Amino acid sequence: MTSNKILTKHPLGKSGKNIDRKKYDSLMKAILAALRKDDLTHTELFSRLNNSLKGKFSGNISWYGETVKLDLEARKIIERTASKPQKYRLKSK
């Protein structure tokens, strides 16, 4: 039985990572849910991810979170603001 994987993208064109589809989906849902409420700094975003996934996610939340966040940026689903400090937000359509 083969595991269902997804090859992530990187906004700067670097090579992506091959990660488990279920882990990708759970991190993507958590990131999008967090950004629906507010624009968040990197620290705020990852604090929310840790709070929402702690005990429910096997693996390093920060590593997978960063990988999925970069993929969502590359796919133009989320974006960084030009503000200081930089924040992340859902990309308006």
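Below: a short report on this structure. Computed from a predicted model, the values in this text were never measured in an experiment.

### Section: the packing of aromatic side chains
Now for step 1: Enumeration over the complete set of coordinates arrives at two aromatic pairs.
Now for step 2: For the ring pair W63 and Y64, a centre distance of 4.9 Å and an interplane angle of 85 degrees mean the geometry is edge-to-face.
Now for step 3: Since its relative accessible area comes to 38%, W63 is described here as partly exposed.
Now for step 4: The class for Y64 is buried, based on a relative accessible area of 16%.
Now for step 5: Through pairs of rings, three or more aromatic residues link up here, namely F57, W63 and Y64.
Now for step 6: Directly above the ring of F57 sits K23, whose terminal nitrogen or CZ lies 5.8 Å from the centroid.

### A short note on helix α1 (residues 21-37)
Now for step 1: Under the 1.5 Å per step criterion, the end-to-end length of α1 is 25 Å for 17 residues, consistent within 8% with the ideal 24 Å.
Now for step 2: All of the buried residues in α1 are K23, Y24, L27, A30, I31, L32, A34 and L35.
Now for step 3: At the N-terminal end of α1, a side-chain oxygen is found 3.1 Å from the backbone nitrogen of K22, two or three residues along, and the residue is D20.

### Looking at the side chain of T81
Now for step 1: With respect to the helices, strands and loops of the structure, T81 is situated in the loop between β4 (78-80) and β5 (87-90).
Now for step 2: A polar contact of 2.8 Å, which involves the side chain of T81, links it to the side chain of S83.
Now for step 3: In contact with T81, other than residues within four places in its own chain, are D39, Q86, K87 and R89.

### Here we look at the nonpolar core
Now for step 1: Of all hydrophobic cores here, the largest spans 21 residues; its most connected members are L27, I31, L35, L45, L49, V68 and L72.
Now for step 2: Going through the elements one at a time, α1, α2 (42-53) and α3 (61-74) are the ones with two or more residues in this core.
Now for step 3: The dominant element in this core, judged by the number of residues it contributes, is α1, at seven residues.
Now for step 4: In contact with L72, not counting residues within four places along its chain, are Y24, M28, I31, L32, I77 and I78.

Quick notes on the rules
Residues numbered from 1 in each chain as written. Predicted model: local features only at pLDDT ≥ 70, side-chain atom pairs only at ≥ 80, totals over all residues. Heavy atoms only, no water. Phe/Tyr/Trp six-rings, centres within 6.5 Å; stacked < 30°, edge-to-face > 60°. Buried < 20%, exposed > 50% of the residue type's maximum accessible area, 1.4 Å probe, protein only. Lys NZ or Arg CZ within 6 Å of the ring centre and 35° of its normal. Helix = DSSP H or I, 4+ residues; strand = E, 2+ residues; numbered from the N terminus. Expected span 1.5 Å × (residues − 1). Polar contact = N/O pair within 3.5 Å; in protein donor to acceptor, adjacent residues only side chain to side chain. Contact = heavy atoms within 4.5 Å. Core = buried A, V, L, I, M, F, W, Y, C linked by side-chain atoms within 4.5 Å.

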